[in-house]
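Commentary on secondary and tertiary structure
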Amino acid sequence: MLVLVFLVVSMPSFAQTSDKIAGKVVTDDGLPLPGVTIRVQGTEKGTISDADGKFTIEANTGEVLSFTFIGYTELIVSVNNQTQVNVTMYEETTELGEFVVVGYGTQRKSLVTGSISKVTNEKLDQIPLSRVDDALVGQVAGVNIQQTNPAAGEAPTLRIRGPGSISSFSDPLVVVDGLVVDSDYLGNIDMNDVESLEILKDAASAAIYGSRGANGIVMITTKSGKEGPTVFSYNTYVGFKSVPKNDVLSNVNDWSSWVRENNNGELTEKLKYIELLGTSTDWEDVMYDGGIINSHSLSVKGGTKTTKYRASASYLKDEGVLLTDEYDKVNFSLNMTTKVNEKVEFGITLNPSFTNQRRFPIGLHDAMRSASWLPLYLDENNIQYVNRLRENGRWADAKVGDYAMERMFDNYDLTNGISLASGGTTISTTSNASSLAKVLERENTKAETKIFSNIFLKFNLTNDLFFKTSFGGDFRYRKYQNWTGIKASRNGASDSESSISTLSQTHIVSENTFNYTKDLDKHSLSAVVGFAYEKYDGQTTGIQAAGYNFDYIQTIPATNVVGAGTAEFEESLVSFFGRFNYSYADKYLLSLSARADGSSKFSPDNKYGVFPAVSVGWRAAEEDFLRNSDVISDLKFRFSYGQTGSNSGIGRYAHIGLVEPAGAVLDGGVITGFNVANISNSDLRWEKLVEVNPGIDAAFLNGRLSLGLDYYVRKSKDLLLNQPIPSITGFNEALVNLGEVENKGFELEFGSNNYSNSNFSWSTIAILTHNKNTLVNFAGANGLISVVDEKRPAEWIALEGHPISSFYGYVVSHEITPEYINDSFYPIAGQSQDIYVKDLNGDGVIDTDDRTILGSPFPDFIWSITNNLTYKNFDFSLMFQGSQGAEVRNIDSQYIYNEFASAQDYVSTFPDTDLVRERIYTSDDIQDASYIALRNLNIGYKIPFKVLERSGLKSARIYVGGQNLIYKMSKSYEGWNPEGINQGLDSPLTYGYQRGAAPLYRTYSVGLNIEF
């Protein structure tokens, strides 16, 4: 950025008069734009572009040309010594002209009194990603998107203004073209079909969606047809993905050198044997094999004054960066509207999609735990070291090409060069199958079909009033298949298994609304009232089989079935809603809304929840004392208050007493009976979120600088959580409404049009978000300690006054000295499982009273800076994005450093056993998850229209791009993805747990956009 500033400042200018300037005006598609008004500011000189977009005008050096056209952003060009001025004009997106989707309608952004951010799809479809939500990273203040699982086709974690629930995760509501869909729909839609995304962040904006708006709303508007001739568009790109090398794993050579340096120049017996074996495997290279992502999208659009249409078809293939992950997506869309007559309008949207995904079958921690000396397969050299005597001749028939396994190389007599049934030198650290076999001999797939559709009829009852009825929904069929072959496990055929599970779900939505708008002199008002009904019906099936003796047949024969089951469910929601907007002289703004939702999840006494909202605004820039200001070009103060709700923390039938099947033995036979599954609670009610949000929107220097600032306090009350109860009831916990969580913070958006002339432009957008999460009230559960994995029971605590998810444990003091470790030189990269911890309360004893909060997974700040530049037909954009202050509980170190190995235990004579604890209980595994990344880089060239005229193409642009070209992690973090949170996800109370998360990757891409 500094270099660009220097270049701009140092550009020479010359005083030279230009009597006549000629030029041409084109759109961003390269098409001529006739009828553009070109004026010399401060004079009466002016002209209009002709049918070919051409113009001539007289102007002197130092004067300024203004280009204006209805629906397009005004363009200002300074006259230097040029005689030719060719300009490109873009459709209007100014504060006054831009409209945003607000739920059951649109509104001019200048009149919006809530906190809504809009992202227009200008280049998002050029980012080589398989999901829409991945492309939103760094685009919107207040939205935190973590690449918690960047494997091919997997979803990131998206949070708007922090987590607000204790019993369920805070996924936002997703609305596509006015229809509510499941959040995973973001993985099925094609970004080429997206026109824009609006993020409704505050409760006042989201209250129109009532019970489902507590976590914010992502509103997607898809592209539609336009009046004009038929236009075809073809967009394609190919990207090359790889995981940057970070040398987390130690190799044989480096470890041998370290041992020699610390062992009087000698290798241990084990390392001598490894050196003799002569193999070295880089498991990063094996598991992170990289891949290619490519996308093809073809669309057609056009229309007349009465009928407009757009249709598209696309295909995406993402090979991922892991050894066996892969994702394929086929997508079709149709969007058509037609005016039946002056009073009636009809429209239809149809979007079927088909996805196939092969998932990496094990955690990366497991994939990386094999020793670096272990070969992938047996070959002519290493097969001579296979122990054919061990374990009753288990590997007596080993042959070249078999998977290598650590245990098959144990018990080697270095002196005589032979294998022994027992004794000798043993180098294995695990009895497991090799990582390669675990991955290649498993196949986990997910196939999904989704069909999204919506039809509507709109009746224009008067010039000010219309009625709209719509009917739509979506159908999904999802199938999981998991196969574990006989070579995938150390136990062979006894661990082989196959399973198939399916989900079939139908979701229907019926909505009916009246919309009224009226302008009376300086008074403007609009209103919407409506009724909606939704219903979900679904069925799940599952079948499991085991006992396969070979890998040739992976289907499920009846004789191999060990379990099967089916389930059915339904859920419905009835809603009444309304909103009223009023403005006086476009200066004084008021918005009122309310929604009543009735859910089948609650008892008749608590079925309905009511969610009101109010917001006000003052456009001070329209007052007489600011209207002609040379500094302040726009200034709006706004304040909102609203309530939204959530029922995501409760099951479909949790308010009633449920029974579940149970087996019992009676008279020597097994019979099926039923047990009570839960305690009924007819008092269960909606979770409620209450939020206040003052904000300021401002623009300065004729829009050259813009500023948006929001401060919010949102409190989630009546949280649905499982409260401990006396065991005499037959249960340990019961679902109740208790607890309160608070999120408060600020959001800053800053924009700057740094420089602009006929050939060069440069603009910058910067965003900054701070959110503080606090557990205000946890009722009788304050101080609750939770664990994710009973085998590795690292702890979290839910303590009032702190975030809902806080790492808990002991603070590290210092390492155990090597003389007290069984073998400090082996295994490779080994470190002790135990470590000294601090006596925090000073009583001279290390016990549970010395535990404390060790950190939080929530960042202090997230930010991004985006620069967009154009020079003639070239365009350039780059985004730096970062997160500071978050931490992660990284259990991967247990595997990377072989802390499980008995060689890393302390010796029997160790005197301080009472002063040490396992590392998983300590701050040693709490690592800084901060990062700074060059998220996106895009360089494009628009081929001139003159070059394309004979080809029949209307426009063409080629580009190259890169993602995560720079990704700087904290020095304290040991792994491949500080954003990776892949376990403990069933509860917000254990968020921040990393154990084998997929790695972040770097992508280089090249693409092409054409219209014809």
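In this text, all values refer to a predicted model and were calculated from it rather than measured experimentally.

1. Some points on the overall build of the chain
Secondary structure assignment for the chain yields eleven helices and 53 strands. Taken over the C-alpha trace, the chain has a radius of gyration of 32 Å; the compact-globule value for 1012 residues is 31 Å, and the two agree within 12%. Its C-alpha atoms put the chain at 100 × 70 × 65 Å along the principal axes. Counting all 1012 residues of the chain, 51% fall into the buried class. Of the contacts made within the chain by residues no fewer than 6 positions apart, 70% connect residues no fewer than 24 positions apart. One finds the centroid of the 87 positive side-chain charges in the chain at a distance of 7 Å from the centroid of its 121 negative side-chain charges.

2. Remarks on the nonpolar core
Counting residues in each nonpolar core, the largest one holds 79 residues, and the members touching the most others are Ile220, Met287, Trp373, Phe409 and Ile828. Top contributing element to this core by residue count: helix H4 (residues 269-277), with four residues.

3. As for the pattern of salt bridges
Enumeration according to the criterion identifies 52 salt bridges in this entry. Note that Lys399 and Asp402 form a salt bridge whose closest N and O atoms lie 3.4 Å from each other. When the shortest N-O distance is used, the salt bridge between Asp697 and Arg638 registers 2.9 Å. Of this pair, Asp697 sits in strand E34 (residues 687-700) while Arg638 sits in strand E31 (residues 632-646), and the two are 59 residues apart along the sequence. Comparing Asp697 with Arg638, the two get one shared label, buried. One network of salt bridges, in which partners are shared, links Asp182, Asp184, Glu448, Lys450, Arg476 and Arg478.

4. Topic: the packing of helix H3 (residues 252-262) against H4
The description of two packed helices rests on the angle between their axes and on the distance between the axes. At their nearest, the axes of H3 and H4 sit 11 Å apart, and the two run at 145° to each other. The way H3 lies across H4 gives a crossing that is left-handed. Along the contact surface, H3 presents Val252, Trp255, Ser256, Val259 and Arg260, while H4 presents Leu271, Ile274 and Glu275. Residue composition of the contact of H3 with H4, by class: five nonpolar, one polar and two charged.

5. What to know about a nonpolar patch on the surface
A surface patch of nonpolar side chains, amounting to about 360 Å² of accessible area, comprises Leu334, Leu350, Ile451, Phe475 and Tyr477. Its location among the elements puts Leu350 in strand E21 (residues 344-359). Relative accessible area serves as the criterion here: at 32%, Leu350 is assigned to the partly exposed category.

6. Structural notes on the sheet that holds strand E2 (residues 37-40)
Spatially, E3-E2-E5-E6 is the arrangement adopted by the four strands of the open sheet, whose pairing is antiparallel. One side of each edge strand has no neighbouring strand; the edge strands of this open sheet are strand E3 (46-48) and strand E6 (75-78). Across the sheet, the mean angle from the axis of one strand to that of its neighbour is 20°, orientation sign disregarded. Note that strand E5 (residues 64-68) and E6 share four bridges and pair antiparallel. Counterpart to Phe67 in the pairing with E6 is Leu75.

7. Section: H4
Regarding H4, the residues found buried are Leu271, Tyr273, Ile274 and Leu277. Each buried residue of H4 sits inside an arc of 155° when the element is viewed along its axis, so together they form one side. Of the surrounding elements, those touching the buried residues of H4 are H3 and strand E22 (412-413). Just downstream of H4 lies Gly278, where phi reads positive at about 75°.

8. Looking at unusual backbone geometry
For the bond from Tyr826 to Pro827, the omega torsion is 5°, close enough to zero to count as cis. You can see Pro827 is positioned in the loop between strand E42 (806-809) and strand E43 (834-836). One non-glycine residue with positive phi stands out, namely Glu391, at about 50°. Its place among the elements puts Glu391 in helix H7 (residues 390-393). Residue classification places Glu391 among the partly exposed residues on the basis of a relative accessible area of 36%.

9. A closer look at the packing of aromatic side chains
On inspection of all chains with the given rule, the structure shows 33 aromatic pairs. Pairing Tyr273 with Tyr412 gives two aromatic rings, centres 4.7 Å apart and planes at 5°, and the pair type is stacked. Taken together, the residues Tyr273 in helix H4 and Tyr412 in strand E22 connect sequence positions 139 residues apart. Like Tyr412, Tyr273 is buried. Both rings, one in Phe858 and one in Tyr991, keep their centres 6.2 Å apart while their planes meet at 10°; by these two values the pair is stacked. Taken together, the residues Phe858 in the loop between strand E44 (852-855) and strand E45 (861-871) and Tyr991 in the loop between strand E51 (955-969) and strand E52 (993-994) connect sequence positions 133 residues apart. Under the relative-accessibility criterion, Tyr991 is labelled buried at 5%. An aromatic cluster of at least three residues, connected via ring pairs, comprises Tyr820, Tyr836, Tyr906 and Phe910.

10. Some words on the sheet that holds strand E49 (residues 926-928)
The strand order across the open sheet formed by three strands is E49-E47-E52, and the pairing between neighbours is mixed. Each edge of the open sheet is held by one strand with a lone partner, namely E49 and E52. Direction of pairing for strand E47 (residues 887-890) relative to E49: antiparallel, over a ladder of three bridges. Considered in E49, the bridge of Val888 is made with Gln927.

11. Remarks on H3
Turning to H3, its buried residues number three or more, namely Val252, Trp255, Ser256 and Val259. On an axial view of H3, the arc spanned by its buried residues comes to 100°, and they lie on one face. Exposed side of H3, more than 90 degrees from the buried face: Asn253, Asp254 and Glu261 are the residues found there. Those residues of H3 hidden inside the fold are in contact with H4.

12. Considerations on the side chain of Ser496
Structurally, Ser496 is set in the loop between strand E25 (465-484) and strand E26 (497-520). For Ser496, a relative accessible area of 1% corresponds to the buried category. For Ser496, the side chain forms a polar contact with the main-chain oxygen of Ala493, separated by 2.7 Å. Polar side-chain contacts of Ser496 include one of 3.0 Å to the backbone nitrogen of Tyr548. With near-sequence residues (within four places) excluded, Ser496 lies in contact with Thr484, Gly485, Ile486, Ala545, Ala546, Gly547 and Tyr548.

13. Re the pairing of strand E11 (residues 143-146)
Of the two faces of E11, both are covered, the one formed by Val143 and Ile145 as well as the one formed by Asn144 and Gln146. With four bridges joining them, E11 and strand E12 (residues 157-160) adopt antiparallel strand pairing. The residue of E12 that forms the bridge with Asn144 is Arg159.

14. Describing the pairing of E26
Judged from the 20 bridges that link them, E25 and E26 form a sheet pairing that is antiparallel. Within E26, the residue paired with Phe475 across the bridge is Thr506. Two successive antiparallel strands, E26 and strand E27 (residues 523-546), enclose a turn made up of two residues, where Asp521 displays a positive phi of approximately 55°.

15. Things to note about the environment of Asp402
With respect to the secondary-structure elements, Asp402 resides in the loop between H7 and E22. Not counting residues within four places of it along the chain, the set of residues in contact with Asp402 comprises Leu376, Tyr377, Leu378 and Asp397.

16. Things to note about the confidence of the model for the chain
Taken over all residues, the pLDDT of the chain has a mean of 89, while the share at 70 or more is 97%. This stretch, residues 1-18, has a pLDDT under 50; its non-local contacts, to residues over four places away or in other chains, come to 21 contacts.

17. Remarks on the environment of Lys518
Along the polypeptide, Lys518 turns up in strand E26. Linking Lys518 and Asn463, residues 55 residues apart in sequence, is a C-alpha distance of 9.0 Å. Among all residues touching Lys518, those that are not within four sequence positions of it are Asp464, His523, Ser524 and Leu525.

18. Let's talk about the side chain of Glu63
When you line up the elements, Glu63 lands in the loop between strand E4 (54-57) and E5. Side-chain polar atoms of Glu63 contact the backbone nitrogen of Asn60, separated by 2.8 Å. If sequence neighbours within four positions are ignored, Glu63 has contacts with Val40, Thr43, Lys45, Val77, Ser78 and Val79.

Calculation rules
Residues numbered from 1 in each chain as written. Predicted model: local features only at pLDDT ≥ 70, side-chain atom pairs only at ≥ 80, totals over all residues. Heavy atoms only, no water. Helix = DSSP H or I, 4+ residues; strand = E, 2+ residues; numbered from the N terminus. Rg over C-alpha atoms; globule rule 2.2 N^0.38 Å. Buried < 20%, exposed > 50% of the residue type's maximum accessible area, 1.4 Å probe, protein only. Contact = heavy atoms within 4.5 Å. Lys, Arg positive; Asp, Glu negative; His and termini not counted. Charge placed at Lys NZ, Arg CZ, Asp CG, Glu CD. Core = buried A, V, L, I, M, F, W, Y, C linked by side-chain atoms within 4.5 Å. Salt bridge = Lys/Arg side-chain N within 4 Å of Asp/Glu carboxyl O. Axes fitted to C-alpha atoms, helices over the stretch in contact; angles between N-to-C directions. Left-handed = near helix turned anticlockwise from the far one by under 90°. Nonpolar A, V, L, I, M, F, W, Y, C, P; charged D, E, K, R; others polar. Patch = residues over 30% accessible without salt bridge, like charges linked within 9 Å, V, L, I, M, F, W, Y side chains within 5 Å. Areas by Shrake-Rupley, 256 points an atom, 1.4 Å probe, with all protein chains shown as cover. Pairing = 2+ DSSP bridges. Arc of directions from axis to C-beta. Phe/Tyr/Trp six-rings, centres within 6.5 Å; stacked < 30°, edge-to-face > 60°. Polar contact = N/O pair within 3.5 Å; in protein donor to acceptor, adjacent residues only side chain to side chain. pLDDT = per-residue confidence, 0-100.

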